[in-house]
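# Coordinates in review
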Amino acid sequence: MNILAIECSSSHASLCLAGDAAYAAEWDAVRNHDAFLFPALRGALALASPQLILVGSGPGSYGGVRVALAAAAGVGLVHRARVVALCSWDALAEGRASILSDAKRGGWALRSPSGRLEVLDTPEVQARVAAGELIWSVEPESTLARAGLHLPRTGLVPTAQGLVTTWQSLSAAEQEARAAAPAEPIYVRPPHITTPTRKPWEIPH
């Protein structure tokens, strides 16, 4: 089976093709993943047609994940391939560690090996570390140090190859269950919406 995997949940993104042909691409982008993703897609699709497309669904970059899912949906329609969204962090955790990231607005997103996702404040994370919970992070050590957090592994980067590894580690029943679920982003919490203090027509020009 030809598997195409796309991972754009962080600023360091990647794409790979596994099966009859092998292809891999990596790039760094903050807000313009599409500028790099589509050339990489052309390179992969020139070698083989995928039967399965895996997409990293986050947590992570809102724009990056949505670009990846939209591209996967389009390729899936053309090539009649199934599109499956997988948590970008599954391969990082190795089934035994919780993964931490900055959730902004004073919070930290923590995903346990069981898949439970919660938002904690810094004292709550410190308490979990003190209690012996094994926590790794996608954030650099410098970001964590500013918050007084010291973890054994930091700066982890989700990869397209990690999605393939995760998929291949699942049982047939687990694969079918993941494939049956909607391919959508993992949201840490609802987006923050700012409400203007005055209506637009009340603002003097």
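A brief structural summary. These figures come from a predicted structure and were not determined experimentally.

About the criteria used
- Residues numbered from 1 in each chain as written.
- Predicted model: local features only at pLDDT ≥ 70, side-chain atom pairs only at ≥ 80, totals over all residues.
- Heavy atoms only, no water.
- Buried < 20%, exposed > 50% of the residue type's maximum accessible area, 1.4 Å probe, protein only.
- Helix = DSSP H or I, 4+ residues; strand = E, 2+ residues; numbered from the N terminus.
- Pairing = 2+ DSSP bridges.
- Expected span 1.5 Å × (residues − 1).
- Arc of directions from axis to C-beta.
- Contact = heavy atoms within 4.5 Å.
- Axes fitted to C-alpha atoms, helices over the stretch in contact; angles between N-to-C directions.
- Parallel < 35°, antiparallel > 145°, perpendicular 65-115°, else oblique.
- Left-handed = near helix turned anticlockwise from the far one by under 90°.
- Nonpolar A, V, L, I, M, F, W, Y, C, P; charged D, E, K, R; others polar.

## Side note on the pairing of strand β1 (residues 3-7)
Counting buried positions along β1 gives five out of five residues, so the element sits mostly inside the fold. On β1, burial covers both faces: Ile3, Ala5 and Glu7 on one face and Leu4 and Ile6 on the other are all buried. Note: β1 against strand β2 (residues 12-18), five bridges, orientation antiparallel. Paired with Leu4 across the two strands is Leu17, which belongs to β2. The hairpin turn running from β1 into β2, its antiparallel successor, is four residues long.

## So, helix α1 (residues 33-45)
With 13 residues, α1 extends 18 Å between its outermost C-alpha atoms, agreeing within 8% with the 18 Å of an ideal straight helix rising 1.5 Å per residue. Among the residues making up α1, those that are buried are His33, Leu37, Ala40, Leu41 and Ala44. Down the axis of α1, the sector holding all buried residues measures 110 degrees, keeping them to one side. Where α1 is buried, its residues contact β1, β2, β3 (23-28) and α2 (62-79).

## A few points about the sheet that holds strand β7 (residues 107-111)
Across the sheet, four strands lie side by side as β8-β7-β6-β9; this open sheet has mixed pairing. Every interior strand has two partners, whereas the edge strands, β8 (117-120) and β9 (135-137), have only one. The sheet shows a mean angle of 35 degrees between the axes of neighbouring strands, taken without regard to direction. Bridge count for strand β6 (residues 98-104) against β9 is three bridges, and the pairing is parallel.

## Overview of the sheet that holds strand β5 (residues 82-86)
The strand order across the open sheet formed by five strands is β3-β2-β1-β4-β5, and the pairing between neighbours is mixed. Of all the strands in the sheet, just β3 and β5 have a single pairing partner and so form its edges. Averaged over all pairs of adjacent strands, the angle between their axes in this sheet comes to 10 degrees, without regard to strand direction. As judged from the six bridges shared by β2 and β3, these two strands associate in the antiparallel manner.

## Some remarks on the packing of α1 against α2
With their axes 10 Å apart at the nearest point, α1 and α2 run at an angle of 30 degrees to one another. As summarised for this structure, α1 and α2 are arranged roughly parallel, according to the angle between their axes. Taken as a pair, α1 and α2 cross one another with a handedness that is right-handed. Across the interface between the two elements, His33, Asp34, Leu37, Phe38, Leu41 and Leu45 from α1 touch Gly64, Val67, Ala68, Ala71, Val75 and His79 from α2. Of the residues that constitute the contact of α1 with α2, the class distribution is eight nonpolar, three polar and one charged.

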